Each structure stands twice: as structure tokens, then as C-alpha cells.
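Here is how the chains run, residue by residue.
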Amino acid sequence: MPFTSLGLAEPLVKEVADMGYREPTPIQKAAIPEVLAGRDVIGCAQTGTGKTAAFILPTLQRISDKPGIKALVVTPTRELADQIHELALTCGKATGHRTVTLYGGVSYSPQEEKLRAGVDLVVATPGRLLDMIGRGAVRLSGLEVLVLDEADRMLDMGFWPDVKRIIDFLPHKRQTLLFSATMSPKILEFIGATLNKPVSIEIGRPATPVKLVDQAIYPVNAMQKTDLLLELLKGSDMQRVLIFVQTKRMVDRLFNILKRAGLPAAPIHSDLSQSQRQRTLSDFKTGQCRFLLATDIVARGIDIESVSHVINFDLPANPEDYVHRIGRTARAGEGGSAISFLDAAEIGNLREIEALIGRLLPCKDLPGFNYRERFIPSVKKKVSRPTKRLVFNGGARRATQRRRRR
Ligand code: AMP
């Protein structure tokens with residue numbers, strides 16, 4: 001099915017072809033015609049499915065020529081805002097629309113200058129957007145389309161009160177598009193009343209990306225995780241490795257250890273400045289840095305092409321995060337590998353992950369590594385069935401608990 005049959009206008013179709021998209025992804029096929037028809041949409045799809053284009057393309061086509069801000073995308077992180085903005089900028093050239101990103105950690109003036117010059121679409125994180133509204137730099141009374149991106153993550157990160165305040169500034173008569181990797185009843189409780197007969201679109205839950213990733217568990221004593229990581233990376237031909245670590249402090253510690261070992265590594269987490277994060281991402285993209293050490297919140301949604309390996313230094317407490325993490329590899333049908341270290345304290349997390357993805361993960365050893373005493377999970381014959389709590393409702397609560405522990 002070509003992009004033209006979705007109802008997109010010629011300049012956008014051309015732009016899409018120039019970007020190398022040959023055919024629409026499932027979320028694009030399902031969402032674009034609905035958005036073009038002016039309907040409210042609830043889209044359940046995670047990063048990597050092509051959801052950004054699914055809302056940006058039809059939004060640009062739909063908004064009017066009136067002056068002022070007509071479309072607003074609210075998203076949880078600066079990295080996501082940058083990625084959305086990049087696409088909006090490219091496609092906006094085709095439709096003649098101007099965009100701006102608004103997020104914290106950088107100075108107000110360049111953002112205010114762009115706003116003064118006139119923009120049609122704003123991509124923003126909640127806090128800075130509210131600041132800008134407060135400063136009188138953003139007026140949303142003419143808004144036509146609101147997109148809430150990664151709604152579940154905004155809920156996890158405690159942004160909902162801000163999102164609700166933002167919605168209070170918007171006209172009632174508008175189109176609302178809500179995208180979320182998981183759809184908990186809490187999200188619908190918050191937002192449901194402001195939607196107008198929404199169409200729900202659910203794109204195949206994690207199964208597809210997970211299936212494409214070669215996954216293995218490396219049982220190891222907690223005290224030896226760092227040595228195992230060093231051994232694994234030293235002399236390896238792994239090209240672009242995303243290493244997930246539970247805490248910012250541990251990211252920094254591992255970074256120093258890898259640096260001392262002469263390995264081309266870099267850290268990324270929310271305590272680093274925006275420019276540091278951007279520089280690191282760009283070094284990772286160009287291959288100057290091969291090993292990126294990251295925490296979940298920052299890594300989620302980062303769009304990096306062809307990550308060859310994901311290493312889970314720690315298993316995530318929230319099984320959905322495992323799926324998001326390994327979804328960073330095996331993009332666009334390419335193969336990818338995910339290696340997860342497992343110490344005795346993490347066996348419960350492993351079982352929850354296996355229940356969520358519906359398969360057992362094989363345990364492997366790194367040949368030649370001098371393992372000390374460790375816990376090796378017994379081989380189970382059958383995966384336990386996923387529970388409702390696990391799939392739909394646990395994310396926010398567990399994320400809050402995790403944050404408190406940090
Ligand atoms: P997203 O889910 O929006 O983060 O998109 C993930 C990646 O898929 C991005 O790198 C996009 O450039 C890419 N992408 C989006 N739509 C398509 C498509 N129709 N064909 C090929 N790649 C796409």
C-alpha cells in the first residue's frame with residue numbers, strides 16, 4: 001500500500017519518499033486516514049513503529065492557513081521533542097509550516113525569537129511549555145490539533161498535572177491524538193473526557209520487535225557484573241552498543257571504568273546538560289563512541305539507527321521497559337542482539353519479562369570468563385501466563401517505586 005492511498009497530498013508523499021520510507025508502517029496505515037478525516041485517535045504503539053510520522057504527516061496536512069499556533073505536540077523528553085521536531089521541520093517545508101521545539105535546560109531567548117517570528121506547530125515538553133504560556137510567549141487559543149505523545153511515560157514521570165493545566169488553555173473544539181506504548185485505565189481516566197468519540201488503534205504489541213532480537217541471559221554474581229561487561233566489550237567487534245543501567249550513579253561509575261580501560265564509551269542520563277546529551281548522541285550516531293551507557297528514561301525514545309547490541313547491565317524492574325530497551329535494536333527488520341546480565345536478586349524480574357514476552361530466554365556463558373559462584377536459574381519448561389496487572393497497569397506504579405529507591 002503506497003502512501004498516496006492514505007490520502008496524503010503529493011508534496012508530503014514526495015518528502016516521505018525522499019526520506020526513504022517505501023511503504024507505510026501498520027500504525028501509519030491505520031492512523032493517517034483517521035487523522036485526515038478529523039477524528040480523535042487513541043494510538044497504542046511504541047517508539048520504533050513509525051508513530052511520529054503517523055501523527056506529524058496528517059497533522060501538517062490538516063491544519064489551516066490561519067496565523068498562529070495550530071498544532072501542539074506534547075512529549076515527555078527533550079530527545080523525543082528533537083526527533084519529532086526534525087520530522088516536522090522536514091515535512092513542514094513541503095507544506096509550508098514552521099515549527100519550534102520548547103524544552104527546558106536551554107535558554108528562553110532563541111525559542112521566544114522563533115515564536116515571535118511565527119510558528120504553526122509547537123513540539124514541547126510540559127514544563128517549558130507552561131513557562132512559555134506564563135510568559136505570554138505562547139498563545140494556544142487558535143489550536144486545532146493536540147498530540148499527546150508517550151502518554152504512559154508522561155504519567156510515569158509525573159507530568160499529568162502539567163498536561164492537564166496545558167489542556168485548560170486549549171479550545172474545546174479541537175482534534176486530539178493520544179499516543180502511548182501501553183494504555184492503562186489511568187490514562188483514559190485522565191484524558192478520556194476530553195476526547196471526542198476517539199478511534200482506538202492498537203498496533204501489535206511488543207511481539208514483532210521482540211521476535212527479531214536474538215536474546216540471551218548471562219547469569220553472573222552481582223559483584224562480577226562490571227568485570228563481565230569489561231570482558232564482553234574488550235576486543236569485541238560489537239559496533240554500536242546501548243548499555244542500560246538502573247541508576248545515574250552507576251552509569252557514571254561504569255563510564256569511568258570503561259574510560260580507564262580505553263574503551264570508547266559515553267554516559268547519557270538526565271543530570272547531564274542538554275548540549276552534553278546531544279554531543280554524546282551525535283558521537284554515538286557517527287560511531288566515534290561505540291558504547292553508550294544509559295538510564296531508561298533518557299534512552300527511551302532515542303532514535304538511533306542500527307544499534308547492534310543492547311546490553312542490560314541490570315534487568316529493568318518493569319518488564320515493559322525490557323521490551324522498550326531491546327526494541328532499540330533490530331530496527332527496520334535488521335537483526336540485533338540483546339544480552340541481559342542476571343544476578344540472584346533479579347530472577348523475579350526475569351520471570352516477569354518472560355511472562356510478558358511469552359517465551360523463556362536462554363542462559364549463556366561468556367567463554368573464557370572466570371565466573372565466581374553465581375545463581376543459575378533452573379530451566380523451566382513453560383512460561384507462566386501474563387497477568388493483567390503486569391501488562392496493563394503496573395508501569396506507572398513500578399516506575400514511581402523505582403524513582404523513590406534511586
Ligand atoms: P518512531 O516510531 O516514530 O520513533 O519511528 C522509528 C523509525 O522508523 C524512525 O527512524 C523513522 O525514520 C522510521 N520510519 C518511520 N516510518 C517509516 C516508514 N514508513 N518506512 C521506513 N522507516 C520508517
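Residues numbered from 1 in each chain as written. Predicted model: local features only at pLDDT ≥ 70, side-chain atom pairs only at ≥ 80, totals over all residues. Heavy atoms only, no water.

**With respect to the pairing of strand S5 (residues 145-148)**
Consideration 1: The alternating pattern of S5 places Val-145 and Val-147 on one face and Leu-146 and Leu-148 on the opposite face, and all of these are buried.
Consideration 2: The pairing of strand S2 (residues 71-74) with S5 spans 4 bridges and is parallel. Bridge pairing in S5 places Ala-71 opposite Val-145.
Consideration 3: In the sheet, S5 pairs with strand S6 (residues 175-180) via 4 bridges, with the strands oriented parallel. Residue pairing across strands places Leu-148 opposite Leu-178, the latter belonging to S6. (Buried < 20%, exposed > 50% of the residue type's maximum accessible area, 1.4 Å probe, protein only. Helix = DSSP H or I, 4+ residues; strand = E, 2+ residues; numbered from the N terminus. Pairing = 2+ DSSP bridges.)

**Focus: helix H1 (residues 10-18)**
Consideration 1: Buried residues of H1: Leu-12, Val-13, Glu-15 and Val-16, and no others. The arc that holds the buried residues of H1, viewed along the axis, is 160 degrees, so those residues lie on one side. What points out from H1, more than 90 degrees from its buried face, is the exposed set Glu-10, Lys-14 and Asp-18.
Consideration 2: Against the buried residues of H1 lie helix H3 (51-62) and helix H4 (78-95). (Arc of directions from axis to C-beta. Contact = heavy atoms within 4.5 Å.)

**Some words on the site of the ligand**
Consideration 1: Surrounding the ligand, one finds 15 residues, the nearest of these being Tyr-21, Gln-28, Gly-48, Gly-50 and Thr-52.
Consideration 2: Residue Tyr-21 places a side-chain N or O atom 2.8 Å away from an oxygen atom belonging to the ligand.
Consideration 3: Note that an oxygen atom of the ligand is positioned 3.3 Å from one of the backbone N or O atoms of Lys-51.
Consideration 4: Notes on the ligand: free accessible area 500 Å², of which the protein chains cover 79%.
Consideration 5: Classifying every residue of the shell around the ligand by side-chain character gives 3 nonpolar, 7 polar and 5 charged. (Near = heavy atom within 4 Å. Polar contact = N/O pair within 3.5 Å; in protein donor to acceptor, adjacent residues only side chain to side chain. Areas by Shrake-Rupley, 256 points an atom, 1.4 Å probe, with all protein chains shown as cover. Nonpolar A, V, L, I, M, F, W, Y, C, P; charged D, E, K, R; others polar.)

**Regarding helix H16 (residues 347-357)**
Two residues of an α-helix separated by three or four positions point the same way, owing to the 3.6 residues in each turn.
Consideration 1: Considered for burial, the residues of H16 that qualify are Leu-350, Arg-351, Ile-353, Glu-354, Ala-355, Leu-356 and Ile-357.
Consideration 2: Two residues or fewer past H16, Gly-358 is found with a positive phi of approximately 75 degrees.

**Describing the packing of aromatic side chains**
Consideration 1: Here the structure, examined in full by the defined rule, presents 5 aromatic pairs.
Consideration 2: Ring geometry for Phe-313 against Phe-341: centres 5.9 Å apart, planes inclined by 55 degrees, an arrangement best described as tilted. Remark: Phe-341 occurs in strand S13 (residues 336-342) and Phe-313 occurs in the loop between strand S12 (309-312) and helix H15 (319-326); sequence separation between them is 28 residues.
Consideration 3: For Phe-313, a relative accessible area of 3% translates into the label buried.
Consideration 4: With relative accessibility at 0%, the residue Phe-341 sits in the buried group.
Consideration 5: Clustering of aromatic rings is evident, with ring pairs tying together Tyr-218, Phe-313 and Phe-341. (Phe/Tyr/Trp six-rings, centres within 6.5 Å; stacked < 30°, edge-to-face > 60°.)

**Regarding the pattern of salt bridges**
Consideration 1: Applying the stated criterion across every chain, the model contains 16 salt bridges.
Consideration 2: Of the charged contacts, one joins Asp-321 and Arg-153 as a salt bridge, the two residues approaching to 3.0 Å between their closest N and O atoms. Taken together, the residues span a long stretch of sequence, with Asp-321 in helix H15 and Arg-153 in helix H7 (residues 151-156) at a distance of 168 residues. The exposure classification of Asp-321 matches that of Arg-153, with both residues buried.
Consideration 3: Ionic pairing is found between Lys-225 and Asp-314, a salt bridge with its closest N-O pair at 3.2 Å. Pair noted here: Lys-225 is in helix H11 (residues 225-233) and Asp-314 is in the loop between S12 and H15, with a separation of 89 residues, a long-range link. Neither residue differs from the other here; Lys-225 and Asp-314 are each classed as buried. (Salt bridge = Lys/Arg side-chain N within 4 Å of Asp/Glu carboxyl O.)

**As for the nonpolar core**
Consideration 1: Leu-8, Phe-55, Ile-56, Leu-57 and Leu-177 are the most contacted members of the largest nonpolar core, which has 36 residues in total.
Consideration 2: Top contributing element to this core by residue count: H3, with 6 residues.
Consideration 3: The contact partners of Leu-177, leaving out residues within four places of it in the chain, are Val-35, Arg-39, Val-41, Phe-55, Thr-59, Val-145, Leu-146, Val-147 and Leu-148.
Consideration 4: Grouped together as the second largest cluster of nonpolar side chains are 34 residues, Leu-102, Ala-124, Val-138 and Ile-167 included. (Core = buried A, V, L, I, M, F, W, Y, C linked by side-chain atoms within 4.5 Å.)

**Some details on the side chain of Arg-78**
Consideration 1: Locating Arg-78 in the fold gives a position in helix H4.
Consideration 2: Among buried Asp, Glu, Lys and Arg side chains, Arg-78 stands out as unpaired, with Glu-79 the closest opposite charge at 5.4 Å.
Consideration 3: Setting aside residues no more than four positions away along its own chain, Arg-78 makes contact with Tyr-103, Gly-104, Gly-105, Thr-125, Ser-270, Leu-272, Gln-274 and Arg-277. (Lys, Arg positive; Asp, Glu negative; His and termini not counted.)

**Examining the side chain of Glu-354**
Consideration 1: Structurally, the position occupied by Glu-354 is in helix H16.
Consideration 2: Residue classification places Glu-354 among the buried residues on the basis of a relative accessible area of 3%.
Consideration 3: A distance of 2.9 Å separates a polar side-chain atom of Glu-354 from the backbone nitrogen of Leu-361.

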